[in-house]
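Understanding the architecture of this molecule
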Amino acid sequence: MKNYVDGGEAILEALRKLKIDYIMSSPGSEWSPIWEALARQQLGNKTGPTFIESWHETLAVNMASGYTLITGRPQAVLLHAGVGVLQGSMGIHGALQNEIPMLVMSGESQTLGEDPDLDIEQQWYGGLTVGGIERFIEPVAKWARAVTSPHTLYESVIRAGEMAQRVPKGPIYLNVALEHMLHPWSPPAAQREVPAAPLVQPRAADVERVAGLLHEAKSPVIVTETAGRDPEAFSALVELADLLAIPVVDGRSNSYANFPTNHPLYLGMGNYQALDGADLVLLVGGRAPWYPPRRRPTSGKIVAINDNPFKGHMVYQNLHADLYLEGDIGESLKLLTAAAKAAQIDTATVTARRQRWAREHESTTARLRAAREKAGNGGGIDPLSLLGALADTMPAEAIYVDETITHSPLIRQHLPHTMPQSFFRGSGGLGQGIGTALGIKLADRRQPVVLLIGDGSFLYNPIVQALGAAKRHELPIVIVVFNNKKYEAMRKGHVHHYPEGASASAGLHFGVTIDGPDYEQLGGHFGFHGRRVEKREELPGALKGALAATNDGRTAILNVMVSR
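Below you will find a few notes about this structure. All values reported here derive from a predicted model rather than from experimental measurement.

**What about the overall build of the protein?**
Along its length, the protein carries 19 helices and 18 strands. Along the three orthogonal principal directions, the C-alpha set of the protein runs to about 80 × 60 × 50 Å. Residues classed as buried in the protein amount to 55% of the 564 residues present. Restricting the contact set of the protein to residue pairs at least 6 apart, pairs at least 24 apart contribute 77%. For the protein, the computed accessible surface area is about 24,100 Å², with 51% contributed by carbon and sulfur atoms. Taken together, the 53 basic and 58 acidic charged side chains of the protein have centroids lying 7 Å from each other.

Below you can see the structure in the form of structure tokens.
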């Protein structure tokens, strides 16, 4: 057996130095040097990344995203040439919007068979090589470039991995020529250990200033959208809110479990009435909290606490911030709490505030409960009845992934989450939910993972490929399809702009009806569990059966016929 040491080994060694756990891949013919290096790694019992194969490029990217959402550690994605990267660009774009660090690579040939000393396969000549696929990926990645030579390959991969983890975090793309990977490689004489990205924190003077504002405020409020992505920030937010009895509202586009929904200071999602009379708002992890953006929610001061308040992927933002604490959100909240503790706290004011907002929490909770109970008295399965059944049936440690559109506000208002990393909602285009859920399951095999998805959203996913990955890699999840047999967002948008138009008057809607398959049967080829649910009283048993199937190692698909 010949022991090749070439660019494939250079890439794999760089991934080892970056402490990458998995190589997610929808394989391509340029990657034989990597496969050879992986074979040597396995035969030599050497530690290094594990290979995870999928049958679709977006799926591979999404699984990397889901894994990193739980672990915080970026992963590597290997795609095929030009067409493969274009197929995966939806997932890369979603990772950019979600600020998920990852390293994405593909390759192409530079010599195209004209090098007499290097026999390159013929498929590259005639279209598979597009001549710089990084040009296509630049708009949807944090940074995209071609590796310049075999001599820069190793450090280019290291640099890309380190760059991905710096704020703003995001996907880095490298175009690696096949010729560079086939070129002999000599490891550097002194290989450094790659350090973790440091946590950046705000200036002490800025922290002291905001702490002073907190002590002066009579009615402070916290609005958060993305703090809960980091468990440290979740806990730090609870500590700060508890210390000064500050109510917490989830913003209109919250994407994570940011604060325990059963906490007496929690006032729900999008409850901006709590900001009426607020003299200080801490906007924690805000992205697009106010709508319309021109509408300032309070006459008091707004302090934006974020490591990256201005999102480069957004064409417009208006946070209305008067002050910024820029740095790691968890570290900023801890510093702010420490500064608040060091000053004299007005116990009477804090006690009165705590009692006031506890009453408001009970009122909000009762209002939501009444809505679920009222929904349960109608015919069919109201989405609120389904959410109530999920809350009653699923264990508290369940992790939810939301890929719905019209049902998403209801999900975020009514579904309880009391622990960090118990709820995720992606950004970007539809069709990424199953892959994200599988990546989350790969990162945390102990907890049940439940994907809540509309029937329209479900059809955008690479369904067969995703279910194949679930079986091959033993990643059982529960998929709950909210099936209203239509793209309700299409209809609502039309009626919104033309409330008295021909379409609304005649009930004639284009692009709305979905004559979909029997979703519950789609997993049958893989031996998965499936059930169609048409009556409200069937929900508890159906959910328990789905959970039992995942405990047995089988993904479960529930096709729930909802009434709206």
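**Observations concerning the nonpolar core**
With 52 residues, the main nonpolar core has Met-24, Val-77, Leu-438 and Ile-479 as its most contacted residues. Here the element with the most residues in this core is helix α3 (residues 57-71); it accounts for 8 residues. Counting 49 residues, the second largest nonpolar core, distinct from the first, contains Leu-237, Leu-275, Leu-283 and Leu-336.

**Here we look at the sheet that holds strand β8 (residues 248-250)**
If you walk across this open sheet you meet the 6 strands as β9-β8-β7-β10-β11-β12, and the pairing is parallel. Edge positions in the open sheet fall to β9 (266-269) and β12 (323-326), since each of these has one partner strand only. When the angles between neighbouring strand axes are averaged without regard to direction, this sheet yields 20 degrees. Pairing analysis gives 4 bridges linking strand β11 (residues 301-306) to β12, with the strands arranged parallel. Within β12, the residue paired with Asn-306 across the bridge is Glu-326. Strands in contact with helix α8 (residues 204-216) are β7 (220-224), β10 (280-284), β11 and β12; relative to β12, the strand with the most contacts, it is inclined by about 125 degrees. The strands touched by helix α10 (residues 329-342) are β10, β11 and β12; relative to β11, the strand with the most contacts, the crossing angle is about 130 degrees.

**What about the pairing of strand β6 (residues 171-175)?**
For β6, a buried count of 5 out of 5 residues is recorded, marking the element as mostly surrounded by other parts of the structure. For strand β4 (residues 102-106) and β6, the ladder comprises 5 bridges, and the chain directions are parallel. Residue pairing for β6: Ser-106 is matched across the bridge by Asn-175. Sheet analysis places strand β5 (residues 143-146) next to β6, joined by 4 bridges and oriented parallel. When the bridges of β6 are listed, Arg-145 appears paired with Leu-174. At this point the chain moves from β5, through helix α6 (residues 153-164), to the parallel β6, and the crossover so formed is right-handed.

**Topic: the environment of Asp-322**
Checked against the element boundaries, Asp-322 lands in the loop between β11 and β12. With 97 residues separating them in the primary sequence, Asp-322 and Met-419 have C-alpha atoms 31 Å apart. When residues no more than four places from it in sequence are discounted, the contact partners of Asp-322 are Arg-296, Gly-300, Lys-301 and Ile-302. Engagement of the side chain of Asp-322 in a polar contact is seen with the side chain of Arg-296, the distance being 2.7 Å.

**Quick notes on α6**
For α6, built from 12 residues, the straight-helix expectation of 16 Å at 1.5 Å per residue is met to within 8% by its first-to-last C-alpha distance of 17 Å. In terms of burial, α6 is a largely internal element, 10 of the 12 residues being buried. Buried residues of α6: Leu-153, Tyr-154, Ser-156, Val-157, Ile-158, Ala-160, Gly-161, Glu-162, Met-163 and Ala-164, and no others. In this fold, the buried residues of α6 make contact with α1 (7-17), β4, β5, β6 and α7 (178-182).

**Notes on the sheet that holds strand β2 (residues 50-53)**
On the basis of which strands lie adjacent, the open sheet formed by 6 strands has the order β2-β1-β3-β4-β6-β5 and parallel pairing. In this open sheet, the two strands that pair with only one neighbour each are β2 and β5. On average, each strand axis in the sheet is tilted by 20 degrees relative to the strand beside it, whichever way the strands run. The pairing of strand β1 (residues 22-25) with strand β3 (residues 75-78) spans 3 bridges and is classified as parallel. From the neighbouring strand, Ile-23 faces β3, where its bridge partner is Ala-76. Packing of α6 onto the sheet brings it into contact with β4, β5 and β6, and relative to β6 it is tilted by some 165 degrees.

**Describing the environment of Ala-506**
Here Ala-506 is to be found in helix α18 (residues 502-506). By relative accessible area, which is 61% here, Ala-506 ends up exposed. With 410 residues separating them in the primary sequence, Ala-506 and Leu-96 have C-alpha atoms 42 Å apart.

**Observations concerning the packing of aromatic side chains**
Under the counting rule described, the total for this entry stands at 10 aromatic pairs. On the basis of an interplanar angle of 85 degrees and a centroid distance of 5.5 Å, the ring pair of Phe-458 and Tyr-519 is categorised as edge-to-face. One end of the pair, Phe-458, is in helix α15 (residues 455-460); the other, Tyr-519, is in the loop between α18 and β17 (529-533), and 61 residues separate them in sequence. Residue Phe-458 is classed as buried on the basis of its relative accessible area, which comes to 0%.

**Description of the packing of α1 against α6**
Relative to each other, α1 and α6 sit at 30 degrees, their axes nearing to 9 Å. Here α6 runs roughly parallel to α1, going by the angle between their axes. In this structure, α1 meets α6 at a crossing whose hand is right-handed. Of the residues in α6, those in contact with Gly-7, Ala-10, Ile-11, Glu-13, Ala-14, Leu-15 and Lys-17 of α1 are Leu-153, Tyr-154, Val-157 and Ile-158.

**Regarding a nonpolar patch on the surface**
There is a patch of nonpolar side chains on the surface, built from Leu-86, Val-130 and Phe-136 and spanning about 240 Å² of accessible area. Position of Phe-136 relative to the elements: it lies in helix α5 (residues 134-137). Look at Phe-136 and you get partly exposed, because its relative accessible area is 42%.

**Some thoughts on the pattern of salt bridges**
Applying the stated rule across the entire model yields 23 salt bridges. Put simply, Lys-311 and Glu-99 hold a salt bridge, and the shortest N to O gap is 2.6 Å. Linking Lys-311 in the loop between β11 and β12 with Glu-99 in the loop between α4 (81-97) and β4, this pair joins segments that are 212 residues apart in sequence. Considered together, Lys-311 and Glu-99 belong to a single accessibility category, that of buried residues. Beyond isolated ion pairs, a larger network of salt bridges with shared partners links Glu-9, Glu-13, Arg-16, Arg-40 and Lys-46.

Cut-offs applied
Residues numbered from 1 in each chain as written. Predicted model: local features only at pLDDT ≥ 70, side-chain atom pairs only at ≥ 80, totals over all residues. Heavy atoms only, no water. Helix = DSSP H or I, 4+ residues; strand = E, 2+ residues; numbered from the N terminus. Buried < 20%, exposed > 50% of the residue type's maximum accessible area, 1.4 Å probe, protein only. Contact = heavy atoms within 4.5 Å. Areas by Shrake-Rupley, 256 points an atom, 1.4 Å probe, with all protein chains shown as cover. Lys, Arg positive; Asp, Glu negative; His and termini not counted. Charge placed at Lys NZ, Arg CZ, Asp CG, Glu CD. Core = buried A, V, L, I, M, F, W, Y, C linked by side-chain atoms within 4.5 Å. Pairing = 2+ DSSP bridges. Axes fitted to C-alpha atoms, helices over the stretch in contact; angles between N-to-C directions. Right-handed = clockwise from strand over helix to strand, strands pointing away. Polar contact = N/O pair within 3.5 Å; in protein donor to acceptor, adjacent residues only side chain to side chain. Expected span 1.5 Å × (residues − 1). Phe/Tyr/Trp six-rings, centres within 6.5 Å; stacked < 30°, edge-to-face > 60°. Parallel < 35°, antiparallel > 145°, perpendicular 65-115°, else oblique. Left-handed = near helix turned anticlockwise from the far one by under 90°. Patch = residues over 30% accessible without salt bridge, like charges linked within 9 Å, V, L, I, M, F, W, Y side chains within 5 Å. Salt bridge = Lys/Arg side-chain N within 4 Å of Asp/Glu carboxyl O.

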